[in-house]
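An overview of the molecular structure
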Protein chains: 2
Amino acid sequence: MTTVRYCINGKLVNGIAPTNRGFAYGDGIFRTMRLINGALQDWPLHYQTLVADCGKIQIVCPSAELILQEFKHLMASVEDPTFTSAIVKIIITRGDGARGYAPPAICEPSRVLILSDLPVYPPDIYRQGVALYSCQTRLAAQPLLAGIKHLNRLENVLARAEQKDPRFFDGLLRDYDDHVIEAVSGNLFVCKAGEIMTPTLERCGVAGVMRQKVLDWYKTHAQAVVSKDLVMGDLFTADGVVIVNSVYGVLQVTQIDDQAIANNDWAQQLRSDLAYVIH
Amino acid sequence: MTTVRYCINGKLVNGIAPTNRGFAYGDGIFRTMRLINGALQDWPLHYQTLVADCGKIQIVCPSAELILQEFKHLMASVEDPTFTSAIVKIIITRGDGARGYAPPAICEPSRVLILSDLPVYPPDIYRQGVALYSCQTRLAAQPLLAGIKHLNRLENVLARAEQKDPRFFDGLLRDYDDHVIEAVSGNLFVCKAGEIMTPTLERCGVAGVMRQKVLDWYKTHAQAVVSKDLVMGDLFTADGVVIVNSVYGVLQVTQIDDQAIANNDWAQQLRSDLAYVIH
């Protein structure tokens with residue numbers, strides 16, 4: 001498959017109404033996940049997060065049954081039977097609406113499923129780790145929307161547009177108080193003197209499903225992970241820093257701008273702990 | 001006309017690609033204006049603002065010629081020759097894109113034109129003024145996006161969804177430092193002891209075209225308007241407060257929550273000064 005395929009509200013069409021509130025106002029949420037050997041990776045956790053994020057902006061998330069039925073419909077449209085690995089993006093919006101910000105009294109949330117090829121990463125990112133640039137773009141503090149993977153992502157777009165040097169894999173985002181929050185497309189964990197830390201996402205940032213998986217793994221193994229305010233100095237003096245998301249899994253951060261970051265091979269260990277399959 | 005009509009990239013279709021960055025990330029901007037007797041009200045100012053807003057998020061705005069040509073194409077599709085008054089919404093997005101926040105190296109910005117009926121307001125809002133509720137939702141401080149009418153409007157959606165009582169016309173938005181910024185769908189001017197003030201939009205808020213018209217009118221008439229930090233107390237002790245936008249024009253605010261606001265008939269004067277036609 002080289003073309004992207006869509007399923008919009010159960011139909012294999014390529015068109016969203018311009019009055020859809022997802023388009024008009026970014027009034028919706030999304031998740032991106034991997035399809036491996038025909039199975040949606042971590043679907044229960046992704047669906048649970050879709051429901052939680054929808055709830056935070058007062059959207060009633062469509063049922064898992066409906067989404068999975070529409071996903072099957074989308075997969076059935078792919079002629080190639082060997083096509084069983086892909087990236088699946090699921091977008092839920094408040095649905096169609098009239099002019100104006102007020103949500104309609106009655107609206108049916110829209111489901112948009114997008115199927116695309118797995119990205120091809122250079123194998124070096126798993127073997128050697130990645131470099132991040134520190135973004136000039138800062139994240140605004142908005143506790144009402146913090147943690148939610150909503151469709152208002154202009155900050156991420158501006159931060160990603162800053163990249164001029166291809167040796168950087170992603171950008172590192174801070175808030176206006178110089179706290180490190182996340183990578184543009186992933187979450188961050190820091191290990192220092194045996195303590196595992198991750199930035200608090202109470203004021204801004206996106207709480208990713210892979211972040212949750214890492215938190216759950218450590219909890220299951222009775223190891224504490226502290227959510228707290230972190231600054232750049234914490235990363236420079238760390239024993240190891242990793243970034244995580246549902247597509248690339250876990251990557252070791254070995255450089256920020258021109259500064260080397262200590263490499264304790266934590267990413268490799270975490271990928272093994274989480275049984276992350278490098279495709 | 002009772003149905004909404006669209007023109008998307010020059011075609012009279014009702015479908016935006018789910019990969020359009022306006023849908024995926026709210027990566028675009030918009031303006032809403034009135035069509036009166038077949039003419040787009042304040043088009044030069046609207047177009048100038050489209051260009052400026054696009055520039056702030058590094059989108060090259062399509063030419064005025066192209067947008068107007070597509071608007072004519074859209075108008076030509078309306079069978080009713082008496083249909084010459086309407087609301088026109090123009091959305092410009094960064095265009096289609098692959099997966100990921102990074103803007104494509106080459107992309108053609110999308111133009112989306114939406115034609116809909118003029119709203120029917122109760123005449124009372126022009127004669128008696130309007131009541132506003134003070135929103136619990138606060139605006140985040142993000143200087144990089146302040147003033148821009150971009151597609152990341154979840155704050156406005158949440159603020160508007162707060163309304164439970166139909167006697168309120170709109171909500172009043174403050175930032176996290178208790179500064180009054182704007183109405184959910186319009187800008188604010190305050191008159192007190194001969195001084196005309198409007199909230200500064202350097203940290204958040206949308207700089208509307210009607211706000212600019214008011215600023216321009218006072219400038220032309222050698223009267224100062226001060227952009228500054230305002231708080232609720234400034235409105236409660238004002239001689240008059242008005243809200244403005246390109247659809248309803250200028251409205252007197254006579255009440256906030258349960259508190260009466262002094263009415264100096266300023267809105268009526270401003271509508272007359274600006275030659276605003278009540279449709």
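The rules behind these values
Residues numbered from 1 in each chain as written. Chains lettered and ligands numbered in written order. Predicted model: local features only at pLDDT ≥ 70, side-chain atom pairs only at ≥ 80, totals over all residues. Heavy atoms only, no water. Domains from an automatic or database assignment. Contact = heavy atoms within 4.5 Å. Buried area = accessible area lost by both parts, 1.4 Å probe. Salt bridge = Lys/Arg side-chain N within 4 Å of Asp/Glu carboxyl O. Polar contact = N/O pair within 3.5 Å; in protein donor to acceptor, adjacent residues only side chain to side chain. Helix = DSSP H or I, 4+ residues; strand = E, 2+ residues; numbered from the N terminus. Nonpolar A, V, L, I, M, F, W, Y, C, P; charged D, E, K, R; others polar. Pairing = 2+ DSSP bridges. Axes fitted to C-alpha atoms, helices over the stretch in contact; angles between N-to-C directions. Core = buried A, V, L, I, M, F, W, Y, C linked by side-chain atoms within 4.5 Å. Buried < 20%, exposed > 50% of the residue type's maximum accessible area, 1.4 Å probe, protein only. Right-handed = clockwise from strand over helix to strand, strands pointing away. Disulfide = S-S within 2.5 Å.

With respect to the domain arrangement of chain A
Residues and elements named next belong to chain A. Each assigned domain of chain A is listed with its residue range as follows: domain 1 (5–116) and domain 2 (124–273). With centres defined by C-alpha atoms, the gap from domain 1 to domain 2 works out at 26 Å. With 19 residues of domain 1 at the interface, the matching set in domain 2 holds 16 residues. A combined buried area of about 1400 Å² lies between domain 1 and domain 2, and 66% of that area is made up of carbon and sulfur atoms. The largest share of the area that domain 1 buries against domain 2 comes from F30, R31 and L45, three residues that together contribute 34% of it. Connecting domain 1 to domain 2 are 1 salt bridge. Inspection of the region where domain 1 meets domain 2 yields 7 residue pairs in polar contact (both at pLDDT 80 or more). Counting only elements with at least two residues in the side of domain 1 that touches domain 2, the list comes to α1 (21–25), β2 (28–36), α2 (43–56) and β4 (86–93).

Side note on the interface of chain B and chain A
Interfaces are often sized by the accessible area lost when the parts come together. The interface of chain B with chain A comprises 58 residues on the first partner and 58 residues on the second. A buried area of about 4500 Å², summed over both sides, lies between chain B and chain A, and 68% of it is on carbon and sulfur atoms. Linking chain B with chain A are 0 salt bridges. Where chain B packs against chain A, one counts 15 residue pairs in polar contact (both at pLDDT 80 or more). The element that contributes the greatest number of residues to the side of chain B that touches chain A is helix α5 (residues 154–161) of chain B, accounting for 7 residues. Here the residues of the side of chain B that touches chain A are counted per class, giving 33 nonpolar, 16 polar and 9 charged.

A short note on the sheet that holds β2(A)
Residues and elements named next belong to chain A. Strand order in this open sheet of 5 strands is β1-β5-β4-β2-β3, and the pairing throughout is antiparallel. Each end of this open sheet is capped by a strand with a single partner; those strands are β1 (5–8) and β3 (39–40). Pairing analysis gives 8 bridges linking β2 to β4, with the strands arranged antiparallel. Of the residues in β4, the one forming a bridge with T32 is K89. Along the sheet face, α2 touches β2, β3 and β4 and points at about 175° away from the line of β2. Relative to strand β5 (residues 110–116), helix α3 (residues 64–76) is tilted by about 40°, and along the sheet it contacts β1, β2, β3, β4 and β5.

As for the nonpolar core
Residues I91(A), V112(A), I91(B) and V112(B) are the most contacted members of the largest nonpolar core, which totals 48 residues. Ignoring any residue separated from it by four or fewer positions in sequence, one finds I91(B) in contact with F23(A), I29(B), F30(B), S110(B), R111(B), V112(B), I114(B) and L151(B).

Details of the pairing of strand β6 (residues 130–139) of chain A
Residue and element names in this part refer to chain A. Across the 10 residues that make up β6, a large majority, 9, are buried. Pairing of β6 with strand β14 (residues 249–256) involves 3 bridges; the strand directions are parallel. Bridging from a neighbouring strand, V130 pairs with V253 of β14. Pairing analysis gives 6 bridges linking β6 to strand β7 (residues 168–175), with the strands arranged parallel. From the neighbouring strand, Y133 faces β7, where its bridge partner is G171. The handedness of the β6 to β7 crossover, carried by helix α5 (residues 154–161), is right-handed.

Re the pattern of salt bridges
Residues and elements named next belong to chain A. Enumeration over the complete set of coordinates arrives at 32 salt bridges over all chains. For R167, the salt bridge is made with D165, and the minimal N-O distance between the two is 2.7 Å. Given the relative accessible area of 44%, R167 is considered partly exposed. For D165, a relative accessible area of 28% gives the class partly exposed. A single network of salt bridges, built from pairs that share partners, joins R21, D27 and R94.

What to know about the sheet that holds strand β4 (residues 86–93) of chain B
Residue and element names in this part refer to chain B. If you trace the 5 strands from one edge of the open sheet to the other, you get β1-β5-β4-β2-β3, paired in antiparallel fashion. Lying at the two open borders of the sheet, with one neighbouring strand each, are β1 (5–8) and β3 (39–40). Across 2 bridges, strand β2 (residues 28–36) lies against β3 in antiparallel orientation. By the bridge assignment, I36 is partnered in β3 with A39.

Observations concerning the environment of I91(B)
Residues and elements named next belong to chain B. For I91, the position within the fold is in strand β4. According to the relative accessible area criterion, I91 is buried, its value standing at 0%. Along the backbone, I91 and L151 are 60 residues apart, and their C-alpha atoms lie at a distance of 8.6 Å.

Digging into the side chain of N187(B)
All names here are of chain B. Mapped onto the secondary structure, N187 falls in strand β9 (residues 187–192). Classification of N187 by relative accessible area gives buried; the value is 4%. Within the local environment of N187, its side chain forms a polar contact with the backbone oxygen of V206, the two atoms lying 2.7 Å apart. Contacts of N187, omitting those with residues within four sequence positions, involve E182, L201, V206, A207, G208, R211, V242, I243 and V244.

A closer look at the state of the cysteines
Residue and element names in this part refer to chain B. Throughout the structure, instances matching the rule amount to 0 disulfides over all chains. Cysteine C54 is unpaired, with the sulfur of C61 as its nearest cysteine sulfur at 4.0 Å. Left without a disulfide partner, C107 is nearest to the cysteine sulfur of C54, which lies 11 Å away. For C107, a relative accessible area of 28% gives the class partly exposed.

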